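Summary of the model geometry
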Amino acid sequence: MQRIEQHHCFEGRQEVWQHTANTVGCDMTFGIFLPNAALQGQPCPVLYWLSGLTCSEQNFITKAGAQRYAQEHNLILVSPDTSPRGEHVPNDAAYDLGQGAGFYLNATQAPWAEHFQMHDYVALELPALIKSHFPATEVQAISGHSMGGYGALTLALRQPNLWCSASAFSPIVAPSQVPWGIKAFGAYLGEDRTAWQSYDAVELIKAGHRPPPLLVDQGDADDFLDTQLKPQLLQTACEAAGVDLELHMRHGFDHSYYFIASFIGQHIAFHAKHMNKR
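Residues numbered from 1 in each chain as written. Predicted model: local features only at pLDDT ≥ 70, side-chain atom pairs only at ≥ 80, totals over all residues. Heavy atoms only, no water.

Take helix α6 (residues 179-189) next. Of all eleven residues making up α6, eight are buried, and the element is well covered by its neighbours. Within the sequence span of α6, burial applies to W180, G181, A184, F185, G186, A187, Y188 and L189. Check the buried side of α6 and you find it contacts α5 (147-158) and α8 (225-229). With its phi angle positive at about 95°, G190 sits one or two positions after the end of α6. (Buried < 20%, exposed > 50% of the residue type's maximum accessible area, 1.4 Å probe, protein only. Helix = DSSP H or I, 4+ residues; strand = E, 2+ residues; numbered from the N terminus. Contact = heavy atoms within 4.5 Å.)

Take a look at the structure:
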């Protein structure tokens, strides 16, 4: 591993690291905020943040203002990049496929399958790396925005034993039913739609998967609300399955990091509450 950035931030430190990732077969970067307690050697729980289309680890660490709340609650924030990258990694000219658009799944189709194994990177390889190099406890939670919100939901539903809580801003809740997901799933997973269900939050809930405590925030002025996000599908699925969902429709808010910055403190407090129960 190589540390490529460090910045004093509140009473802790924001860092960015690069490492060779076996699951995706290339170098990956991730941001990590270490509160003062961690810098002093005290083991702290970890909140993983997954960003959306076109983003890297930089968007969250520079725009969300989350570090102040992580410092207050003594938790570590980890924000990985959104896909494998590099000259040898497949890409597409469109913004919603290829580099910057990993969709947090394990691709099965050529040419994507060799590198686009983001589910295993986030669920397995990155947490193992964090625990071996930083003062992190076994307690962890997951959150994200848009494509990353979709990733947080599906990771939490697929492996709920790994996460004490999950939250999302403006998530793609039913990718099998919206253009972003249909395009990505067709490319990464193939045309057999039964294979898509294991990466679709609504379909996972219908199939009996149960998440850890779940919080979702959605702005009602989001340009993608009716075409790509459709939170009512998640709400309906949760109600039918008896799954507790804390869903907030926020009046006047859009899809941007202004929305995330406005409510990230509440999300971190939500995760801290459940982390403290472990």
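If you walk through the whole model with that rule in mind, you get seven salt bridges. One salt bridge in this structure joins E138 and K131, with 3.2 Å as the shortest N-O distance. K131 gets classed as partly exposed once you look at its relative accessible area, which sits at 30%. Measuring nitrogen to oxygen at the nearest pair gives 3.9 Å for the salt bridge that ties E203 to K206. Note that E203 and K206 are positioned in helix α7 (residues 201-206) at a spacing of three residues, about one turn of the helix. (Salt bridge = Lys/Arg side-chain N within 4 Å of Asp/Glu carboxyl O.)

Another aspect to go through is the side chain of H115. By secondary structure assignment, the location of H115 is in the loop between β5 (76-80) and α4 (118-133). Leaving out residues up to four positions away in the same chain, H115 has contacts with T23, V24, G25, P84, H88, V89 and P90.

A word on the nonpolar core. If you look at the biggest cluster of nonpolar residues, it comprises 69 residues, and the most contacted ones within it are F30, F103, I130, I142 and Y188. Counting 24 residues, the second largest nonpolar core, distinct from the first, contains C9, L47, L77 and M275. (Core = buried A, V, L, I, M, F, W, Y, C linked by side-chain atoms within 4.5 Å.)

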